[in-house]
Number of protein chains: 2
Amino acid sequence: MPTANPTACLLVIGNEVLSGRTQDANIRFVATRLGAIGMPLSEVRVIPDIPERIIGTLNEVRARFNHVFTTGGIGPTHDDITSECVAAAFGVPWEPHPEAWARMEASYKPGEFNAARQRMATMPRGAALIDNPVSVAPGFSIGNVHVMAGVPRIMQAMLDGLLPRLPRGVPVVSRAVHTTGLPEGRIAEGLAAIQGRFPDADIGSYPFYRPGGNGVAIVAKGIDAQRADAAIAEVSALMRELGATPVMGEPPG
Amino acid sequence: MPTANPTACLLVIGNEVLSGRTQDANIRFVATRLGAIGMPLSEVRVIPDIPERIIGTLNEVRARFNHVFTTGGIGPTHDDITSECVAAAFGVPWEPHPEAWARMEASYKPGEFNAARQRMATMPRGAALIDNPVSVAPGFSIGNVHVMAGVPRIMQAMLDGLLPRLPRGVPVVSRAVHTTGLPEGRIAEGLAAIQGRFPDADIGSYPFYRPGGNGVAIVAKGIDAQRADAAIAEVSALMRELGATPVMGEPPG
């Protein structure tokens, strides 16, 4: 795996994921998009809406990873505290952002841009806006921290708008082959030998359980597509040797 | 929220979640089960299959939280390295576990309990088994760390078997009310006032976007069901004041 690629950490901020109320729907999207620009996600943390936890975690991960992405906690209600916690983490004032304020004020009828909504236009000093084409209220970047909404549809639009401003690494390519009826325990030894011959391809083994049959998917990832292809070709040959039928790609469904 | 409740951290170990290949299906289940026994999930981390990351994170979180649960990385293939990393984190030998070995050997035909499968019966010295009623190969507990499979069906069976052995706190109860057509920005001010009157109920506001109409769900959580009910009754009254129709419970779907 490339070591020169920038690293990324995602902070999912919200009691609702930790309580089990809400199924996370953001990790996979962020992971896929960042992998595609060569900034693979190196860690995810899910943390509660508690100021000292948010501030402490932010300061830890922004020092440790090249870029930090947050989701959640930038709405208008009392439990939306991400923005002021980011200001506290950076030690800068939390104050009205003129451009965010103007955009939001223009989007409401006279008198409806109330105090709760004005909080969404209040940001750490020095924040650069991340556009919100869905519901106006912007996210923002400050330093290497990118603050986005938690609602998946809004987060996705924000991230897609932000991506062109981010540094790029070498995208990681992924190749897969799968088969049914072959347990991991039978392919493991040969697979380890293939991994030994392809130190530049990161080979993962993932059992699956489907109505159409249980089986195993083998994925080779790396920055060199030809090497990933070659590793998967060897895995396919190994599957055949063991009496199974390899099928290129991930299992359906 | 109760401060005397034991705290829990979940470590999701696996490149496949960080790359976006796999949608996490374990966080919500673990969160719900632990909340029900009064050991609410306080943090989740998703980390890659890299020994130093697993060992370092384990040692950090096992010192910080009362209990740590891991999912993933205990299968038979070369990328399954959780078990030996746990041994390294605890500074104990990684060696065949007699009971795990006996169970697994008995489950295979003669000659099929091969070296790869024997790895699944190799554990940190002192490990206490977590039963696997789905596919035999056990998980284990050592100290305050509980090591489970990543495949959701197996993880769920393991956790349900483990729960009776865990300490219990005061379960958190949750009450909800929702309404359509009322944006968060209009209810925010009144909601903050209610939160102020109910410091013992943790009130969250969650917008939803559904074909049947957009709206907002308000959730009150705490260890006192009557207080949560009372908070939600005030929220319902607030919704009515604002011209919306409150519907008890979470929105459907």
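Predicted model only: the values in this text are computed from it and were never measured.

Rules of the game
- Sequence order as written defines residue numbering, which begins from 1 separately in each chain.
- As a convention, the first chain written is A and the first ligand written is 1, with the rest following in written order.
- pLDDT decides what is reported in this predicted model: residues at 70 or higher carry local features, side-chain atom pairs at 80 or more are listed and counted, and totals for whole chains, interfaces and linings draw on all residues regardless.
- Strands are runs of DSSP state E lasting at least 2 residues, helices are runs of H or I lasting at least 4, and numbering of each runs from the N terminus.
- Three exposure classes are used, based on other C-beta atoms lying within 10 Å of a residue's own C-beta, which is placed from the backbone: buried for 20 or more, exposed for 12 or fewer, and partly exposed in between.
- This entry defines residue contacts through backbone-placed C-beta atoms, with two residues in contact when those atoms are within 7 Å.
- Pairing between two strands requires that DSSP report at least two bridges joining them.
- Geometry is summarised by axes, namely lines fitted to C-alpha atoms with helices restricted to the contacting stretch, and by angles between N-to-C directions that run from 0 to 180 degrees.
- Those domain boundaries reflect an automatic or database domain assignment.
- All copies are superposed by least squares; the fitting set is the C-alpha atoms of residues with a pLDDT of at least 70 in both.

## What about the overall build of chain A?
The helix and strand tally for chain A stands at 9 helices and 12 strands. Once the C-alpha set of chain A is aligned to its principal axes, its extents read approximately 70 × 40 × 30 Å. Considering chain A as a whole, with its 253 residues, one finds that 51% of them fall into the buried category. Sequence separation of 24 or more characterises 70% of the internal contacts of chain A that already satisfy a separation of 6 or more.

## Side note on the sheet that holds strand β12 (residues 247-248) of chain B
All names here are of chain B. Pairing is antiparallel across the open sheet formed by 4 strands, whose spatial order is β10-β11-β9-β12. What marks the edges here is a single partner per strand, and that holds for β10 (202-208) and β12. In the packing of helix α8 (residues 184-197) onto the sheet, the strands contacted are β10 and β11 (215-222), and the crossing angle to β10 comes to about 170 degrees. Taken strand by strand, helix α9 (residues 225-241) contacts β9 (173-180), β10 and β11, and its axis lies near 10 degrees from that of β9.

## Some details on the pairing of β9 of chain B
All names here are of chain B. Of all 8 residues making up β9, 6 are buried, and the element is well covered by its neighbours. Here 2 bridges tie β9 to β12, and the two strands are oriented antiparallel to one another. Each bridged residue has a counterpart across the sheet, and for H178 the counterpart in β12 is V247.

## Remarks on helix α4 (residues 82-90) of chain B
Residue and element names in this part refer to chain B. Burial within α4 is extensive, with 7 of its 9 residues counted as buried. All of the buried residues in α4 are T82, S83, C85, V86, A87, A89 and F90. Phi turns positive, to about 65 degrees, at G91, one or two residues after α4.

## With respect to the domain arrangement of chain A
For chain A, the assigned domains read domain 1 (8-165) and domain 2 (174-248). The straight-line distance from the C-alpha centre of domain 1 of chain A to that of domain 2 of chain A is 38 Å.

## Observations regarding the environment of I203 of chain A
Inspection of the secondary structure assignment puts I203 of chain A in strand β10 (residues 202-208). Judged by C-beta crowding, with 25 C-beta atoms within 10 Å, I203 of chain A ranks as buried. Separated by 153 residues in sequence, I203 of chain A and I50 of chain A place their C-alpha atoms 38 Å apart. Here I203 of chain A is in contact with L191, I194, Q195, F198, I218, A220 and A231 of chain A together with D79 of chain B, once residues within four sequence places are set aside.

## A few points about the relation of the copies chain B and chain A
For the pair chain B and chain A, the relating rotation is 180 degrees, the translation along its axis is 0.0 Å, and the fit reaches an RMSD of 0.0 Å. The superposition operator between the copies reduces to a two-fold rotation axis. Across chain B, the smallest distance between a C-alpha and the rotation axis is recorded for R45 of chain B, namely 2.2 Å. By residue overlap, the copies meet face to face through one surface: 100% of the interface positions of chain B are interface positions in chain A.

## Remarks on the sheet that holds strand β6 (residues 128-130) of chain B
Here 12 strands make up an open sheet; going across it, the order is β6(A)-β7(A)-β8(A)-β3(A)-β1(A)-β2(A)-β2(B)-β1(B)-β3(B)-β8(B)-β7(B)-β6(B) and the pairing mixed. Looking at the sheet topology across the chains shown, the edges are occupied by β6 (128-130) of chain A together with β6 of chain B. The sheet shows a mean angle of 20 degrees between the axes of neighbouring strands, taken without regard to direction. The sheet contact formed by β6 of chain A and strand β7 (residues 139-142) of chain A spans 3 bridges and is antiparallel. Residue pairing in the sheet places A128 of chain A in a bridge with S141 of chain A of β7 of chain A.

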